[in-house]
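# Descriptive analysis of the structure
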Amino acid sequence: MAYDPNNIFAKILRGEIPCNKVYEDQFALAFHDIKPQAPVHVLVIPKGDYVSLADFTASAPADLIAGYFRAIGKVAQQLGIVEDGFRALFNAGANAGQEVPHLHIHLFAGRPLGPMLAR
Ligand code: AMP
């Protein structure tokens, strides 16, 4: 799938739409999900035009891949969710219900999160 530069997270990255920012560095931006599904629900997105995990891992430069994954860990530390535990989730494509075509990981925390998949 070609990257759509008008997707909502691209607009957030360009500063055209506000976000409730948690963390930012040269590789990644993290912000609170607008419709949280847990007491803590944060999204971390890479600074680059990647639709999904497959696309990102195949095409992104190694420093961006490393920087993005390090940023995810830093965000989890900063949120204080490491000790009690959290869930990290990528939705990729139609079967996963991916709504926004810019790579993002969901970090969920703040309560026991139940089974890994809805039944
Ligand atoms: P996904 O289904 O994995 O593509 O998840 C997209 C997520 O983006 C959903 O949890 C939405 O609530 C969230 N979302 C959509 N628009 C915004 C926005 N403007 N700011 C923050 N989160 C958003």
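Our structure's up above, just so we're on the same page.
None of these values were measured; they are calculated from a predicted model. (Residues numbered from 1 in each chain as written. Predicted model: local features only at pLDDT ≥ 70, side-chain atom pairs only at ≥ 80, totals over all residues. Heavy atoms only, no water.)

### Quick word on the overall build of the chain
- Helices and strands together make up the secondary structure of the chain, namely three helices and five strands.
- In the chain, the succession of helices and strands from N to C terminus is α-β-β-β-α-α-β-β.
- Taking 2.2 N^0.38 as the reference for a compact globule, 119 residues should give roughly 14 Å; the C-alpha atoms of the chain span a radius of gyration of 14 Å, in line with that estimate.
- C-alpha atoms of the chain, sized along the principal axes, occupy 35 × 30 × 30 Å.
- When the 119 residues of the chain are sorted by exposure, 39% land in the buried category.
- Relative to all contacts within the chain whose residues are 6 or more apart in sequence, the contacts with residues 24 or more apart total 54%.
- Accessible surface, the chain as shown: approximately 7100 Å² in total, 54% of it carbon and sulfur. (Helix = DSSP H or I, 4+ residues; strand = E, 2+ residues; numbered from the N terminus. Rg over C-alpha atoms; globule rule 2.2 N^0.38 Å. Buried < 20%, exposed > 50% of the residue type's maximum accessible area, 1.4 Å probe, protein only. Contact = heavy atoms within 4.5 Å. Areas by Shrake-Rupley, 256 points an atom, 1.4 Å probe, with all protein chains shown as cover.)

### Some details on the packing of aromatic side chains
- Applying the stated criterion to the full structure yields five aromatic pairs.
- Plain terms: the ring middles of Y68 and F69 are 5.4 Å apart, the flat faces sit at 70° to each other, and that makes the pair edge-to-face.
- Among the residues examined, F69 registers a relative accessible area of 38% and is labelled partly exposed.
- Grouping aromatic residues by their ring pairs yields a cluster made of Y50, F56, Y68, F69 and F90. (Phe/Tyr/Trp six-rings, centres within 6.5 Å; stacked < 30°, edge-to-face > 60°.)

### What about the site of the ligand?
- Within the structure, the ligand sits among 16 residues, and D33, N91, E99, H104 and H106 are positioned closest to it.
- A distance of 2.8 Å is found between an oxygen atom of the ligand and a side-chain nitrogen or oxygen belonging to H104.
- When the ligand is considered free in solution it has 510 Å² of accessible area, and contact with the protein chains removes 88% of it.
- Of all the secondary-structure elements, those providing two or more residues to the shell around the ligand are helix 1 (8–13) and strand 2 (28–32).
- Here the shell around the ligand gets three residues from one element, more than from any other, and that element is helix 1.
- Across the shell around the ligand, the residue classes tally to seven nonpolar, six polar and three charged. (Near = heavy atom within 4 Å. Polar contact = N/O pair within 3.5 Å; in protein donor to acceptor, adjacent residues only side chain to side chain. Nonpolar A, V, L, I, M, F, W, Y, C, P; charged D, E, K, R; others polar.)

### Describing the nonpolar core
- The biggest cluster of nonpolar side chains holds 22 residues, and the ones touching the most others in it are A30, V42, V44, F56, Y68 and V75.
- Within the residue set of this core, elements represented by two or more residues are strand 1 (21–24), strand 2, strand 3 (40–46), helix 3 (62–79) and strand 5 (105–109).
- The dominant element in this core, judged by the number of residues it contributes, is helix 3, at six residues.
- One finds F9, I12, L43 and I45 within the second-largest nonpolar core, a separate group that totals seven residues. (Core = buried A, V, L, I, M, F, W, Y, C linked by side-chain atoms within 4.5 Å.)

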